[in-house]
Amino acid sequence: MRMSVIGCGYLGAVHAAAMASIGHDVIGIDVDDRKVAALSDGTAPFFEPQLVELLRQGLESGRLRFSNSMADARGARVHFVAVGTPQVTGGHAADLRFVDAAIRELLPHLGDGDVVAGKSTVPVGTAARLSEIIAPSGATLVWNPEFLREGWAVHDTLTPDRIVVGVPAGPDGAAAADVLAEVYAPAIAGGTPYLVTDLATAELVKGAANAFLATKISFINAMAEIAEASGADVALLADALGYDSRIGRRYLGSGIGFGGGCLPKDIRAFAARAEELGRGEAVGFLREVDKINLRRRDRAVQLVIDALGGMVFGRRIAVLGAAFKPFSDDIRDSPALEVAVRLRGLGADVVVTDPAAIDNARRMHPQLGYAQGRDEALQDADAVVVVTEWDEYRREMSPVHAAGLVRRQIIIDGRNCLDSAAWRAAGWDYRGMGRR
Ligand code: UGA
């Protein structure tokens, strides 16, 4: 099927390449010339496992192209809108500027019977408003939220847990649902549930899913605060809770909390929209979820200060990790980098390392020290802080080898991802977050 993908960021670039890989004829469109040039060249503008291979296959097959001209969307049967919806400056709501602009610019190129499929995360009610704008073109607007995780984007796009498509009532909506079922035929044939809903429900599924995940993480981090005050161990608590299949262990990873370009801004936008709808109270707990999350960053900094006897000024601190999570070079609202920046602000000699995110981190925070490799970062450190649980730190870092590099054997495990017994056995002062 011929399709356009408007917006080639994390979501759009992966979606375009994935759609080409299952046999569709795809044009990816973005206003950023550099991004278009990189993608056309088979280079990913960001780090995402498997994406480069998929891009190159698509480009070689001739089924995948990129352009900076909206006119190239003309003739496609489905137009996916995958532009960003950041947080507005000075408020909590989602900024719909890019979505509105994409729809406005696409409008003259739409044909009767085209399907416009929104994938961006938007406040509930957006799709109904946009439907009215595109109605005169004869195209149908549907909402098809995306649930991919960075670092697993290709996997999640090709084999999602579910596909949700919100459609308007009536025959046009039913026909559009059939078109989307054709788009996703391989996944559906492989057993992926295909849920057709109204527009508002589809928009809500996405916001609600991210709100639930954020709540689960903050729940365990709230338990970490209680564990800190009572001498319990939150990691063991999470294991014990997780064996209850009604609860489950996933997203009970305690530590410095969630960041990135999605969960933090999405819970705020969700609460802001609920306020507009006069139902702010219903999701008032999301404000607590946000606060608990941000408190973990303070706590990590405090742990370092305590471990160094009350002062970090002039102390060399190795910060292992800058990305908001492993397998990503994304530093948007990264708790890892925030900890590094705060320690630097207190006068510490901070050396940050990360397998993928150093270039991005350096651009945004040139005041921090950087090391290319782990050992270089550890050299002569007075304290080591693990803030992104890359395998390089979690699995591959030997406490004995590390002991030979540092000045003082102090390690703060901001992701509760290390084997505390092994580190202590090697003579380290190990401090986790909410752990004994
Ligand atoms: C999240 C959702 O998981 C996706 O389903 C959704 O599509 C995406 O947002 C989006 O809205 O686009 P992502 O931001 O890529 O995906 O990252 P996650 O893997 O969910 O992690 C988010 C943050 O939570 C990270 O900082 C991670 O370190 C943290 N986290 C995750 C924890 O602190 N504990 C956990 O147990 C799990």
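These numbers were taken from a predicted model, which means no experiment stands behind them.

Moving on, we come to the sheet that holds strand β11 (residues 369-370). Spatially, the 6 strands line up as an open sheet ordered β11-β10-β9-β12-β13-β14, and their pairing is parallel. At either end of the open sheet lies a strand with only one pairing partner, and these are β11 and β14 (429-432). Sheet topology note: the strand β12 (residues 383-386)/strand β13 (residues 410-413) ladder contains 3 bridges and is parallel. By the bridge assignment for β13, Val 385 is matched with Ile 412. Contacting β9 (316-320) and β10 (349-353), helix α13 (residues 335-345) crosses the sheet at an angle of about 160° to β10.

A pair of packed helices can be characterised by two numbers: the angle between their axes and the separation between those axes. It is at 9 Å that the axes of helix α9 (residues 199-230) and helix α11 (residues 263-276) come closest, and there the two elements cross at 115°. When you trace α9 past α11, the crossing you get is left-handed. Here Leu 204, Lys 206, Gly 207, Ala 208, Asn 210, Ala 211, Ala 214 and Ile 217 of α9 lie close against α11, whose contacting residues are Leu 263, Asp 266, Ile 267 and Phe 270. For the contact of α9 with α11, the class distribution of residues is 8 nonpolar, 2 polar and 2 charged.

Moving on: the domain arrangement of the chain. Here the chain is described as being made up of domain 1 (2-197) and domain 2 (291-432). Each of domain 1 and domain 2 was reduced to a C-alpha centroid, and the two centroids are 37 Å apart. Opposite the 7 residues of domain 1 that make contact, domain 2 presents 9 residues. When the two sides are added together, the surface that domain 1 and domain 2 hide from each other amounts to roughly 630 Å², 51% of it contributed by carbon and sulfur. Sorting the residues of domain 1 by area buried against domain 2 places Tyr 10, Phe 47 and Glu 150 first, and these three jointly supply 74% of that buried surface.

How each quantity is defined
- Residues numbered from 1 in each chain as written.
- Predicted model: local features only at pLDDT ≥ 70, side-chain atom pairs only at ≥ 80, totals over all residues.
- Heavy atoms only, no water.
- Pairing = 2+ DSSP bridges.
- Helix = DSSP H or I, 4+ residues; strand = E, 2+ residues; numbered from the N terminus.
- Contact = heavy atoms within 4.5 Å.
- Axes fitted to C-alpha atoms, helices over the stretch in contact; angles between N-to-C directions.
- Left-handed = near helix turned anticlockwise from the far one by under 90°.
- Nonpolar A, V, L, I, M, F, W, Y, C, P; charged D, E, K, R; others polar.
- Domains from an automatic or database assignment.
- Buried area = accessible area lost by both parts, 1.4 Å probe.

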